[in-house]
Amino acid sequence: MAKRVVIVGGGAAGMQTALELKSRGIEPVIVERDIELGGKARGWHKLFPSFTPAGDIMRPLADRIRAERIRCFYGQEVTAISSDGVMLRSGERMPADAVVIATGFTLFDAHRKQEYGYGLYDNVITSVDLERMMNSGKVLLADGSEPRRIAILHCVGSRDEKVCQKHCSKVCCITGVKQAIELKEMFPTADVFNFYMDIRMFGPGYEELYREAQQRYNVHFVRGRISEAAETINKRIQIKAEDTLTGRPLKMTVDMLVLLVGMSANYENEALASTAGLSLAPNGYFKANDSFLGVVRSEREGIFFAGAATAPKSLADTLAEAALTASMVDEYLKNRYNEK
Amino acid sequence: MRNLNFGYGISRPRAIDMDNNDLRKSNAIIHEMPELQACIGCGSCTASCTAGGITDFNFRKLHTAVRRGEYRGAYEELNKCMLCGKCRLVCPRGINTRAMVMLIKRKLGDY
Amino acid sequence: MRRTSWQEYQKDIASDKYYYARSCIRQNFFPGSERAFLNILGRDLGIDIFDDPLHTSCTGIGYHSDVVPLETIMTVVARQFSLMAEAGYENFISSCITSFGIYNEVLATWKEFPETEERTRKYLKEATGRDLVKPRSIAHTSDIIFHHREAIARKAKHRLVNSHTGEPLRVVEHIGCHYAKIFPKSGIGGSEFPYVLAGMIETWGGDVVDYPERRHCCGFGFRNYLVQANRGSSVANSHKKLESMAPYKPDFIVANCPGCAMFLDKWQYAIAEMEGMTYGADGRGIPVLTYEEMAGLVLGYDPWELGMQMHQVDVEPLLDKLGVEYSPEAKYLGANGKYIGKPADVAVNCFDRRRIYEIKR
């Protein structure tokens, strides 16, 4: 009989892991908290650095899950994890031969950076809001007009000890560059200013895209973090930053301020980890067994990780890692059961 | 009318004012040589600068300020450049910094 | 404005039995305000509040100007607390933002570095023979007015509306840096969107103006003002705020902090004389009130009893808008009915634009 693996989370990591396990003759079961598959990538407009529509990646994954008749439980929250199964909020126990934690991340709540006035000022939006606007085909100010001057702020809820987010969320820099280019394509005469602390272009094609944004699209990059945003009488946004490359404070008014929100560890990680006997990294993400050969293995036999449960990751990295997770799970099950 | 001497005046704001700065010259410079926007602020130009070694000339800072519409004194400052071209050799983004010095001077001649 | 975040920043404020610690500068600049506070609480609301003649300045201005050492100010603060305990009170309220910041800072320092508390206990004992007793609660006096704002509204004679048009008055609130920028949790509403004054304004019928430089410092800055050579930077900050709020045509400014109320008022005079610029709607300055004065007007107090003749910017246009009755002749009569003298006309109160232009030239 096929061995059964419970995958906690039906986002990109969970789906990819499930498909890879299935192809290895293992029976995956996805437990998803939401009412459908897809996770955070659902509703995303286009992906960096290639501007591939997110749906082109996510839809086929979900279609294949259905085609492969992989069992999915929706609206179910996992409250406890062990190597031989998970406990659901309903009190039901779901036995398994191994468990994969693919619980991903939580978007940083921009309200917490009160100084930017998100939720108070109509024309202060997050990078996620912007993706949704682009998906709807309309990026407009609250009064329905087109923005002529836009500021994009990097590191909102990343590298910020004031909100207990010490880590770099990794994907925001390239997202900021991607969104700046998309905005320039939509509004060629608009001025787009990216305010950054460091530009971290770690992936293939990222640095090239950054350069293109600078030179071809004339996106202005200002090294300095916006310290506060305030609404003006005509609903524009006044921002203050230091232009650290000239060593002087800088003040400007923009039509729209986009906050590149970071990736936070899930609040539930702590409780889940304690039921499983796992530990968390200082930033609240699950701690991988080691940083090189055991990146998808946990400290407990039979419990594995996939995707952003262990650290902020791009979709590409998540998908690649999920295949590794499936391979590690397969190896574990073979060693444990078949060789007896 | 009284002539009051308070012994002090209202200090001028130091902030770069991107709302009131005239960005037309800056836009013209960027339009003519868009590669200037590709600067990543590494400071290699200033580090290797012949003039910067003996005066406070700082090309990185100067062209950044010019891009923000801060033109005052830029022309005079650029007179310190010896046009040796070392900055162009070291620029990791391949910006023709030497030509940039000439371009900014040409555009800001009347400032 | 959809300001709900203030609800996340609440602190326990005692409802009765307050030990009152005065400000050292308000007596001079807004001499009626502290009296009004004691009357509003003691007389109008029937609350037990003790104004202790034994207490002193907290020495905060000296501390922030580097002339009073930390050990000294801690011992002074410890003495105030001991006086409170001796008088049988445990809710300490301070009439000054600087002091409020000092009290919070000293308590936090004692908590973080217990050895400093031990040293202070020793110094207090040696110097005064007293024992340190820490208060159960610390609040600023504006917190207290905020706490009782509904009770005040129920007794209101005037609301913060234009009595001619029925429109809410547009009010700029200024909180003062040391209210919540040092310890955001110690202020109602935190540091970015403080609600302490906004809550009073809204409860009493006014509209709060949120202008871009709302959070900016008034520029007092202690050393920045106390040294004449630095005053240009002090006035520049008030200037920046006034420039930013002017388009909203505020009817008045209400300030939380003694220094801010003074500087936002008096710098308007300096700016008008230096640059010929006034920021009110009709060539006059924008009146600056303390929250006690605002509460007093709402409760129907006489503006001259509130000490409003001591303002640099004339308050009469505001009184007219509010529909407050006052006697123009009584403005410059002191508490004993004696004439206290009338100041010369100045640009900030001048209705005649030509005069302003003349000065500017």
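For clarity, every value in this text was computed on a predicted model and none was experimentally measured.

**Let's talk about the domain arrangement of chain A**
All names here are of chain A.
Move 1: Partitioning chain A into domains gives domain 1 (4-105 + 265-338) and domain 2 (110-263).
Move 2: Taking only C-alpha atoms into account, the centre of domain 1 sits 31 Å from that of domain 2.
Move 3: Contacts between the two partners involve 17 residues from domain 1 and, on the opposite side, 23 residues from domain 2.
Move 4: Taken together, both faces of the contact between domain 1 and domain 2 bury some 1700 Å²; the carbon and sulfur share is 68%.
Move 5: The three residues of domain 1 that bury the most area against domain 2 are Trp 44, His 45 and Phe 48, which together make up 37% of that side's buried surface.
Move 6: Counting across the domain 1 and domain 2 interface gives one salt bridge.
Move 7: One salt bridge connects Lys 170 with Asp 317, and the closest N-O pair in it is separated by 3.7 Å.
Move 8: Along the contact surface separating domain 1 from domain 2 lie six residue pairs in polar contact (both at pLDDT 80 or more).
Move 9: Among the residues forming the side of domain 1 that touches domain 2, the class breakdown is 10 nonpolar, four polar and three charged.

**Considerations on the pattern of salt bridges**
Move 1: Scanning the model with the defined rule gives 52 salt bridges over all chains in all.
Move 2: Between Lys 107 of chain B and Glu 32 of chain B there is a salt bridge; the shortest N-O distance is 3.1 Å. Taken as a pair, Lys 107 of chain B in helix H6 (residues 97-107) and Glu 32 of chain B in helix H1 (residues 24-32) lie far apart in primary sequence, 75 residues in all.
Move 3: A residue is classified by how much of its surface remains accessible, and Glu 32 of chain B, at 40% relative accessible area, is partly exposed.
Move 4: The closest approach of N and O atoms between Asp 251 of chain C and Lys 321 of chain C, which form a salt bridge, is 2.7 Å. In this pair, Asp 251 of chain C is assigned in the loop between helix H12 (231-245) and strand S7 (252-255) and Lys 321 of chain C in helix H15 (residues 316-322), connecting sequence segments 70 residues apart.
Move 5: With relative accessibility at 9%, the residue Asp 251 of chain C sits in the buried group.
Move 6: Here Lys 321 of chain C falls in the partly exposed class, since its relative accessible area comes to 23%.
Move 7: The network of salt bridges with shared partners includes Lys 113, Glu 115, Asp 160 and Arg 225 of chain A.

**A few points about the sheet that holds strand S15 (residues 228-231) of chain A**
Move 1: Within the open sheet, the four strands sit side by side as S15(A)-S16(A)-S17(A)-S1(B). Their pairing is mixed. In this open sheet, the two edge strands, each paired with only one partner strand, are S15 of chain A together with strand S1 (16-17) of chain B.
Move 2: One ladder, built from two bridges, connects strand S17 (residues 248-254) of chain A with S1 of chain B; its direction is parallel. Bridge pairing in S1 of chain B links Leu 250 of chain A to Ile 16 of chain B.

**Let's talk about the interface of chain A and chain B**
It is common to give the size of an interface as the accessible area that goes away when the parts come together.
Move 1: Every contact between the two is made by 22 residues of chain A and, on the other side, 22 residues of chain B.
Move 2: Both faces combined, the contact of chain A with chain B buries some 2100 Å², and carbon together with sulfur accounts for 44% of it.
Move 3: Taken together, chain A and chain B are joined by four salt bridges.
Move 4: In this structure, Glu 207 of chain A engages Arg 93 of chain B in a salt bridge whose closest nitrogen and oxygen atoms are separated by 3.0 Å.
Move 5: Summed over the shared surface of chain A and chain B, the number is 19 residue pairs in polar contact (both at pLDDT 80 or more).
Move 6: Listed by contribution, the elements that provide at least two residues to the side of chain A that touches chain B are helix H5 (206-215), strand S14 (220-223) and S17 of chain A.
Move 7: The element contributing the most residues to the side of chain A that touches chain B is S17 of chain A, with six residues.

**Let's talk about the packing of H12 of chain C against helix H13 (residues 258-275) of chain C**
All names here are of chain C.
Move 1: Running from amino to carboxyl end, H12 crosses H13 at an angle of 95 degrees, the nearest separation of the two axes being 9 Å. On the basis of their axis angle, the class for H12 and H13 is roughly perpendicular. Of the residues in H13, those in contact with Arg 231, Ser 234, Val 235, Ser 238, His 239, Lys 241 and Leu 242 of H12 are Phe 263, Leu 264, Trp 267, Gln 268, Ile 271 and Glu 275.
Move 2: Its residues assigned to classes, the contact of H12 with H13 comprises six nonpolar, four polar and three charged.

**Observations regarding the sheet that holds strand S20 (residues 303-305) of chain A**
Residue and element names in this part refer to chain A.
Move 1: One open sheet accounts for five strands, arranged S5-S2-S1-S9-S20; its pairing is parallel. Of all the strands in the sheet, the pair left with one neighbour each is strand S5 (71-73) and S20. Recorded for the sheet is a direction-independent mean angle of 25 degrees between the axes of neighbouring strands.
Move 2: Relative to S20, strand S9 (residues 98-101) runs parallel, the two being bridged by three bridges. Each bridged residue has a counterpart across the sheet, and for Val 100 the counterpart in S20 is Phe 304.

**So, helix H2 (residues 54-67) of chain A**
Residues and elements named next belong to chain A.
Move 1: With 14 residues, H2 extends 20 Å between its outermost C-alpha atoms, agreeing within 8% with the 20 Å of an ideal straight helix rising 1.5 Å per residue.
Move 2: Among the residues of H2, those classed as buried are Ala 54, Met 58, Leu 61, Ala 62 and Ile 65. Along H2, the residues classed as buried sweep out an arc of 90 degrees about the axis, all on the same side. Seen from the open side of H2, the exposed residues pointing more than 90 degrees away from its buried face are Arg 59 and Ala 67.
Move 3: Looking at the buried side of H2, the elements it contacts are helix H1 (12-23), strand S2 (27-31), strand S3 (46-47), strand S4 (52-53), S5 and helix H7 (315-338).
Move 4: Where H2 ends, the next residue or the one after it, Arg 69, has phi of about 55 degrees, a positive value.

Cut-offs applied
Residues numbered from 1 in each chain as written. Chains lettered and ligands numbered in written order. Predicted model: local features only at pLDDT ≥ 70, side-chain atom pairs only at ≥ 80, totals over all residues. Heavy atoms only, no water. Domains from an automatic or database assignment. Contact = heavy atoms within 4.5 Å. Buried area = accessible area lost by both parts, 1.4 Å probe. Salt bridge = Lys/Arg side-chain N within 4 Å of Asp/Glu carboxyl O. Polar contact = N/O pair within 3.5 Å; in protein donor to acceptor, adjacent residues only side chain to side chain. Nonpolar A, V, L, I, M, F, W, Y, C, P; charged D, E, K, R; others polar. Helix = DSSP H or I, 4+ residues; strand = E, 2+ residues; numbered from the N terminus. Buried < 20%, exposed > 50% of the residue type's maximum accessible area, 1.4 Å probe, protein only. Pairing = 2+ DSSP bridges. Axes fitted to C-alpha atoms, helices over the stretch in contact; angles between N-to-C directions. Parallel < 35°, antiparallel > 145°, perpendicular 65-115°, else oblique. Expected span 1.5 Å × (residues − 1). Arc of directions from axis to C-beta.

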